[in-house]
Amino acid sequence: MFQRNLETFRTRMTEAGLDVALITDEDSVYYLTGYYDYLHMEFGRPTILVVLRDGSSVLITPTIDYVAAQNAAQVDRIAPWNDGAGAEWRAELPAALKGARKIALETAHMPPAVRRFVDDLAGAQMVVDATPILSKMRMIKSPAELQLARHAGQVANAMMQAGRDAIGDGVPEFEVAIATSQAGTRKAAQLLAAHYEDADMSPNTHFLQIMASGDQITKTHHRASTRVMRRGEPVFLCFCGMTNFHRFKLGFDRTFWIGEVADARQIPIYDVAVASQKAALKILRPGVTAETVHAAYAEVIQTAGYEYPFRCGRATGFSYLEDPQLVTGDTTILQPGMVLAVDGSVNTDHFRAQVGDSFIITEDGFEQITDHSKALDDVVL
C-alpha cells in the first residue's frame, strides 16, 4: 500500500512539474512510507520525507528513532540526524533542493523552523503547495484502507456499547471514559492479532473521551470529568477522536438519557437531529456534491426553526479531517471509496442533540460502518 502511494505521488509530481517534495505532516509521512510515531515538533525534532521526481526517496529523521524507521519506513534511504551534531536535519536539504525549479511543501503543516530554512535556502518564490495533490490522492481509499475503516468501525461500536453500558445514575463521567477505552483497546487487540502482522502497532485507544451530561450538554467538545450523572439527564458520547484503529480515524456520536427524559422539551430537538442525518443519508451516494448533502441536512434543521448548523460531516482516513467536507461551498463530487462521517445535530441554549456515523461510499450508495440504534426507546437507558 505505502509503496503504491509513494509511486502515485511521484507520478502526480511529474504531472504538476514539481522537482522535489518535502513532506512533514506525520499522517502524510505515514500514508507515503508506513513510518509513524513521534514525527512532529513537540520535542523539536522534525522528520522530513524528501521525494525526488526523478530519483530516490529520503527519510530525514532523528537518530533516536532510527531503529523504528528502519523497521517501518518503506523508502530508498534513511538519513538519521542527532541533536547538536553538525547541521542536524538541515544537512541533507541543500543537495536535495539543488537545481530544483519547483519545490512542493505542505505549506499549512510544515514546522516554522523547517519552512524558514527552506525559504532561505531556495527562495519562497520556488515553493508550491503539495497539499492539494495529497488531499486528492487520499480522498479515494484503497482496499487495504477500506479494511482498516471497517475494523475501525468495529472498534468504535465496541466503545459505544461499553459507554452505553457504563452510563447510570450516580456514575461519574470519567468511569464511562475508562470503560470505553478498555473496550476499544480489547477489540483493537483482537483485530490486530487476527488480521495484521505489524507487531509494533498499539491497540490502546487514546485521546480524551469527548462527552457531556446534564447541564453541560451544550458543550460540544467537553471532556469526561468528575461530574456525577443523575437520572433523567442527557448524556452525549463522541468517539471522533478515540476511534483510531491502526491509525485510521472515524466519526461516531450518540445522545442518551439516564432512565427517563426529565425535560420533555429535549425530545423534539433530538427528533430533528435524527431527521437531519436521515435527510443527508437519503441523498448520500456517488455523483452528488459534498455541499448537496449538507444542504439536505441543514434544510431539516432550519425548517424546524433552528439556526443554520455546522457542517454535516467530513472525510476521514489517516487524519481526523480530510477532504471533502460536507459543507456549503465544497463542490467535490462524491465517489466510491470515500469514507465520510455524517452527522445530524441541533443546538439550542438549553440542549444539544447530535448523532453521527461513518460510511463508505459505494458504487450505488453507501455502506455504514458504525452502528447503534437512534430510536428513542433505545437511547433512554
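Residues numbered from 1 in each chain as written. Predicted model: local features only at pLDDT ≥ 70, side-chain atom pairs only at ≥ 80, totals over all residues. Heavy atoms only, no water.

### Comments concerning the overall build of the protein chain
What counts is decided by this rule: Think of it this way: any DSSP run of H or I at least four residues long counts as a helix, any run of E at least two long counts as a strand, and we number them from the N terminus. C-alpha atoms define the radius of gyration, and 2.2 Å times the number of residues to the power 0.38 defines the globule rule. Remark: exposure states derive from per-residue accessible area (1.4 Å probe, protein chains only) relative to the maximum for the residue type, with buried under 20%, exposed over 50%, and partly exposed in between. The contact criterion used is simple: two residues touch if any of their non-hydrogen atoms lie within 4.5 Å.
When helices and strands are tallied, the protein chain shows 11 helices and 16 strands. In terms of overall dimensions, the protein chain is globule-like: its C-alpha atoms have a radius of gyration of 23 Å, near the 21 Å expected for 381 residues. Structurally, the protein chain occupies a C-alpha span of about 70 × 40 × 40 Å along its principal axes. Taken over 381 residues, the protein chain has a buried fraction of 53%. For the protein chain, restricting intrachain contacts to residue pairs at least 6 apart in sequence, the fraction spanning at least 24 positions comes to 67%.

### Brief notes about the environment of D371
Turning to its location among the elements, D371 is positioned in the loop between β16 (366-368) and α11 (376-379). Given the relative accessible area of 55%, D371 is considered exposed. Put simply, D371 and A179 are 192 residues apart on the chain and 18 Å apart in space, counted from C-alpha to C-alpha. Among all residues touching D371, those that are not within four sequence positions of it are N157, F252, R254 and D357.

### Focus: the pattern of salt bridges
When the charged atoms of two side chains lie near each other, side chains of opposite charge can form a pair. Note the following rule: Any Lys or Arg side-chain nitrogen found within 4 Å of a carboxyl oxygen on Asp or Glu counts as a salt bridge.
One pass over the full model with this rule turns up 20 salt bridges. Across the salt bridge formed by R10 and E7, the nearest N and O atoms sit 2.9 Å from each other. Taken as a pair, R10 and E7 lie in helix α1 (residues 2-15) at a separation of three residues, close to a single helical turn. Look at R10 and you get buried, because its relative accessible area is 10%. Look at E7 and you get partly exposed, because its relative accessible area is 45%. Two residues, R227 and D215, come together in a salt bridge whose shortest N-O distance is 3.7 Å. With a gap of 12 residues between them, R227 in the loop between β7 (210-213) and β8 (234-238) and D215 in the loop between β7 and β8 connect regions that are remote in the sequence. Here the salt bridges share partners, and the residues they tie into one network are D19, R53, D54 and R101.

### Some points on the environment of T33
To keep it simple, the criterion reads: Side-chain atoms alone can form a polar contact between residues adjacent in sequence; in general such a contact is a pair of N or O atoms within 3.5 Å, and within protein one must be able to donate a hydrogen while the other accepts it.
Among the secondary structure elements, T33 is positioned in helix α2 (residues 26-33). Take T33: its relative accessible area is 0%, and that puts it in the buried class. The spatial distance from the C-alpha of T33 to the C-alpha of Q3 is 6.8 Å, given a sequence separation of 30 residues. What T33 contacts, discounting residues up to four positions off in sequence, is F2, L49, A72, A73, Q74 and V75. In this structure the side chain of T33 is engaged in a polar contact, spanning 3.1 Å, whose partner is the backbone nitrogen of Y35.

### Remarks on the side chain of E233
For E233, the position within the fold is in the loop between β7 and β8. One polar contact links E233 to R227, side chain to side chain, over a distance of 2.7 Å. Discounting residues that sit within four places of it in the chain, E233 has contacts with G214, R227, V228, F256, W257, I258 and E260.

### A look at the pairing of strand β1 (residues 20-23)
Where we set the bar: Strand pairing is assigned whenever DSSP identifies at least 2 bridges connecting the two strands.
Every second residue of β1 is oriented toward a common face, with V20 and L22 on one face and A21 and I23 on the other, all of them buried. Looking at chain direction, β1 and strand β2 (residues 48-52) are connected through four bridges and run antiparallel. Following the sheet pairing, L22 is matched in β2 by V50.

### Looking at the sheet that holds β1
Our working definition: Every angle, taken between N-to-C directions, lies between 0 and 180 degrees, and every axis is a line fitted to C-alpha atoms, over only the stretch in contact when it is a helix.
As summarised here, the arrangement of the six strands in space is β4-β3-β2-β1-β5-β6, forming an open sheet in which the pairing is mixed. Both outer strands of the open sheet, β4 (77-81) and β6 (127-129), are each paired with one neighbouring strand and no more. The mean inter-strand angle of the sheet, taken between neighbouring strand axes irrespective of direction, is 25 degrees. The strands that helix α5 (residues 112-122) touches are β1, β2, β5 (103-105) and β6; relative to β5, the one it contacts most, it runs at about 170 degrees.

### Remarks on α2
Among the eight residues of α2, seven are classified as buried, and the element is accordingly described as predominantly covered. Buried within α2 are the following residues: D27, S28, V29, Y30, Y31, L32 and T33. The backbone nitrogen of D27 lies 3.2 Å from a side-chain oxygen of the residue at the head of α2, namely D25. With its phi angle positive at about 85 degrees, G34 sits one or two positions after the end of α2.

### As for unusual backbone geometry
A negative phi holds for most residues other than glycine; trans holds for most peptide bonds. Going from D323 to P324, the amide bond is cis rather than trans, its omega being 5 degrees. With respect to the secondary-structure elements, P324 resides in strand β13 (residues 322-326). Positive phi is not limited to glycine here, since R247 has a value of about 75 degrees. You can see R247 is positioned in the loop between β9 (244-245) and β10 (248-249). The buried category is assigned to R247, whose relative accessible area is 14%.

### Let's talk about helix α8 (residues 173-195)
Rule in force here: For a helix, the expected span equals 1.5 Å multiplied by the residue count minus one.
Between the first and last C-alpha of α8 there are 33 Å, a value that for 23 residues agrees with the 33 Å anticipated at 1.5 Å per step. For α8, every residue scored as buried is listed here: E173, V176, A177, T180, A183, G184, T185, A188, L191 and L192. In this fold, the buried residues of α8 make contact with α7 (143-166), β7, β8 and β9.

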